[in-house]
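A look at the structure
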Amino acid sequence: MKATEIKKGIYWVGAIDWNLRNFHGYLTQRGSTYNAYLIIDEKITLVDSVKSYLTDEMLKRISTIIDPSKIDTIICNHVEMDHSGAIPKIVELNPAAKVYASPKGVSGLKAHYKKDWNFVEVKSGDVINLGKRNLHFLLTPMVHWPDNMVAYLAEDKILFSNDAFGQHLASSERFDDEYPLDIIMEEARKYYANIVLPYSSQVVKALDDALKLDIEVIANSHGIIWRKHIPEIIREYRDWSSNTLDKKVLIVYDTMWGSTEKIANAIYDAFEQKGYRIYKYCLQDNHISDIMTEVLNAEYVCVGSPTLNKSILPSVAGFLTYLQGLSPKNRKTILFGSYGWAKQNIKEMERYMTESEFQIVHTVNVNYIPGEEELLAIRNEVLEKI
Ligand code: FEO
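Chains are numbered independently. Their residues run from 1 in the order of the written sequence. A pLDDT threshold of at least 70 governs which residues receive local features in this predicted model, and a stricter bar of 80 or more applies before side-chain atom pairs are shown or counted, although totals over entire chains, interfaces and linings include all residues. Only hydrogens and water are removed before side-chain values are computed, so all heavy atoms of the structure are retained for them.

This paragraph deals with the pattern of salt bridges. Criterion for a salt bridge: a side-chain nitrogen of Lys or Arg within 4 Å of a carboxyl oxygen of Asp or Glu. In total, this model carries 22 salt bridges according to the counting rule given. The closest approach of N and O atoms between Asp-246 and Arg-277, which form a salt bridge, is 3.3 Å. Of this pair, Asp-246 sits in strand E17 (residues 246-253) while Arg-277 sits in strand E18 (residues 277-282), and the two are 31 residues apart along the sequence. In this structure Asp-246 comes out as partly exposed when scored by relative accessible area, which is 29%. A single salt-bridge network, built from bridges that share partners, covers Lys-7, Lys-157, Asp-214 and Glu-216. The secondary structure listing takes helices from DSSP runs of H or I that are at least 4 residues long and strands from runs of E that are at least 2 residues long, numbered from the N terminus. With a 1.4 Å probe rolled over the protein chains alone, any residue whose accessible area is under 20% of its type maximum counts as buried; one over 50% counts as exposed, and the rest are partly exposed.

Let us now look at the sheet that holds strand E16 (residues 217-220). Between any two strands, pairing holds if DSSP finds at least two bridges. With respect to topology, 5 strands assemble into an open sheet ordered E12-E13-E14-E15-E16, the strand pairing being mixed. Only two strands of the sheet have a single partner each, and these edge strands are strand E12 (127-129) and E16. Across the sheet, the mean angle from the axis of one strand to that of its neighbour is 20°, orientation sign disregarded. The convention used is that axes are lines fitted to C-alpha atoms, helices contributing only their stretch in contact, and that angles between N-to-C directions extend from 0 to 180 degrees.

We call Phe, Tyr and Trp rings a pair once their centres come within 6.5 Å, taking the six-membered ring for Trp, and we label the pair stacked below 30 degrees between planes, edge-to-face above 60, and tilted otherwise. The full count for this structure, using the stated rule, is 12 aromatic pairs. Note on Phe-165 and Tyr-237: the rings are 4.6 Å apart at their centroids and 45° apart in plane angle, and the pair reads as tilted. Separated by 72 residues along the polypeptide, Phe-165 in the loop between strand E15 (158-162) and helix H5 (181-196) and Tyr-237 in helix H7 (residues 230-241) bring together distant segments of the chain. For the pair Phe-165 and Tyr-237, one class covers both residues: buried.

All right, on to the side chain of Glu-348 then. Structurally, the position occupied by Glu-348 is in helix H11 (residues 344-355). For Glu-348, a relative accessible area of 17% gives the class buried. With residues near it in sequence (within four places) discarded, Glu-348 still touches Ser-311 and Ile-312. Residues count as neighbours in contact if any of their non-hydrogen atoms are within 4.5 Å of one another.

Below, the discussion takes up the domain arrangement of the protein chain. Accessible area lost upon the coming together of the parts serves often as the stated size of an interface. Here the bounds of each domain stem from an automatic or database domain assignment. In terms of domain boundaries, the protein chain breaks down into domain 1 (4-241) and domain 2 (246-385). Placing the centre of domain 1 and that of domain 2 at their C-alpha centroids yields a distance of 38 Å. On the side of domain 2, 13 residues touch domain 1, which itself brings 13 residues to the contact. For the pair domain 1 and domain 2, the summed buried surface comes to about 1,100 Å²; carbon and sulfur atoms form 56% of the total. We call two N or O atoms a polar contact when they sit within 3.5 Å, provided that within protein one can donate a hydrogen and the other can accept it, with sequence-adjacent residues counted only if both atoms are side-chain atoms. At the surface where domain 1 touches domain 2, the tally comes to 6 residue pairs in polar contact (both at pLDDT 80 or more). When contributions to the side of domain 1 that touches domain 2 are tallied by element, the ones reaching two or more residues are strand E5 (26-27) and H5. Sort the elements by how many residues they give to the side of domain 1 that touches domain 2 and H5 lands first, with 6 residues. Split by residue class, the side of domain 1 that touches domain 2 holds 8 nonpolar, 3 polar and 2 charged. Buried area adds together the accessible area that both of two parts lose upon being put together, with accessible area traced by a 1.4 Å probe. Three classes are used: nonpolar for Ala, Val, Leu, Ile, Met, Phe, Trp, Tyr, Cys and Pro, charged for Asp, Glu, Lys and Arg, and polar for all others, with Gly counted as polar.

A word on the layout of surface pockets. Here a cavity means grid points, on a 1 Å grid over the protein atoms only, where a 1.4 Å probe fits yet cannot get out; a pocket means an open set of points with protein on both sides within 12 Å along at least five of seven lines; lining residues are those with an atom within 4 Å of a point. Grid points are joined across faces, edges and corners, and a volume is the space filled by probe spheres set on the points. The calculated volume of the largest pocket comes to roughly 280 Å³. Together, 15 residues line the largest pocket, and Met-256, Thr-307, Tyr-339, Gly-340 and Tyr-368 are the ones closest to its centre. If you list the elements that add at least two residues to the lining of the largest pocket, you get helix H8 (259-273), strand E20 (307-308) and strand E22 (332-339). Among the residues making up the lining of the largest pocket, the classes are represented as 9 nonpolar, 6 polar and no charged. Reported here for the second largest pocket is a volume of approximately 150 Å³. As for the second largest pocket, its lining consists of Gln-29, Arg-30, Glu-186, Glu-187, Arg-189, Lys-190, Tyr-281, Asn-286, His-287, Asp-290, Thr-293 and Glu-294. Looking at the lining of the second largest pocket, the elements with two or more residues in it are H5 and helix H9 (288-295).

This is how it looks when you write it as structure tokens:
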């Protein structure tokens, strides 16, 4: 357990969650890290922390540099417990330590930990002097929670960006010039689609404010730290937050006896004929968080389910709930499925998609099993609508 120096006197002291596979419903195939940073100056400063079960790992890394009880300044950029979980232990070691957070951060920390620590509220533009260095604060609400802020260490040109620019990626390497860039970008994209997407407009504002700064290192709070490929990740964030859509369709469905899958294939044929890039996902075999990554720039998200009792298959309801929460904008859909005696499937999916403000371009509902002629007719109907 060692600390990694990211600039002279500034260390990564976080924790690596190698076996994490579920982050509030997000499938983290590559694990994650919680990045905490130690600044050695006249004030001994900890920027963010780690999940509580990894507190000892963080303390061991800090102890290779300094006695953790010497930490007298704690910056909490974000209350969520993957970043605040070890703060109680640090305050226990030094009860006089000041805890800096946004106003919503302070109220959030009180609500989480029920402690009256030595809190200091900060707002955008506030600066604290650490000795040789100055730490500037910029509030970035809703990237990812209302309390979020970022901190900028002016002398070293480091932006502590917390959730922004993160990736769920466990690695022994710390920097973007030490790890395959395509994997970092793939995980950053998945992270954006599953965590940041609902707040894209706030991301644009935060980017515009933060990027006026002269930045040499983006010290984010999950995954790989950016120091070589900063222009690339900023370009990607601008693209993802712009909601630019490609000529691309997702066909997402579950099937009971194969009828809904046959309809999915007929819809596939129509989009294929129109030259769309197509992603077909049966929900029995694909995780909703992986599908969500491809929603990021898809013009269409078509969804299919048979009727099950008075509703739809739970896998489809789960996907639609997840999709609704992440609120992609300006998307189109075709809803499809089959039924035996109750046509509830389309009604139920329409309810979700109307609430999610999708444009419903067409619906297809087949009694029991579609024959070859019906499938050809479905393909031709869809061709006329798209
Ligand atoms: Fe990584 Fe919103 O916490």
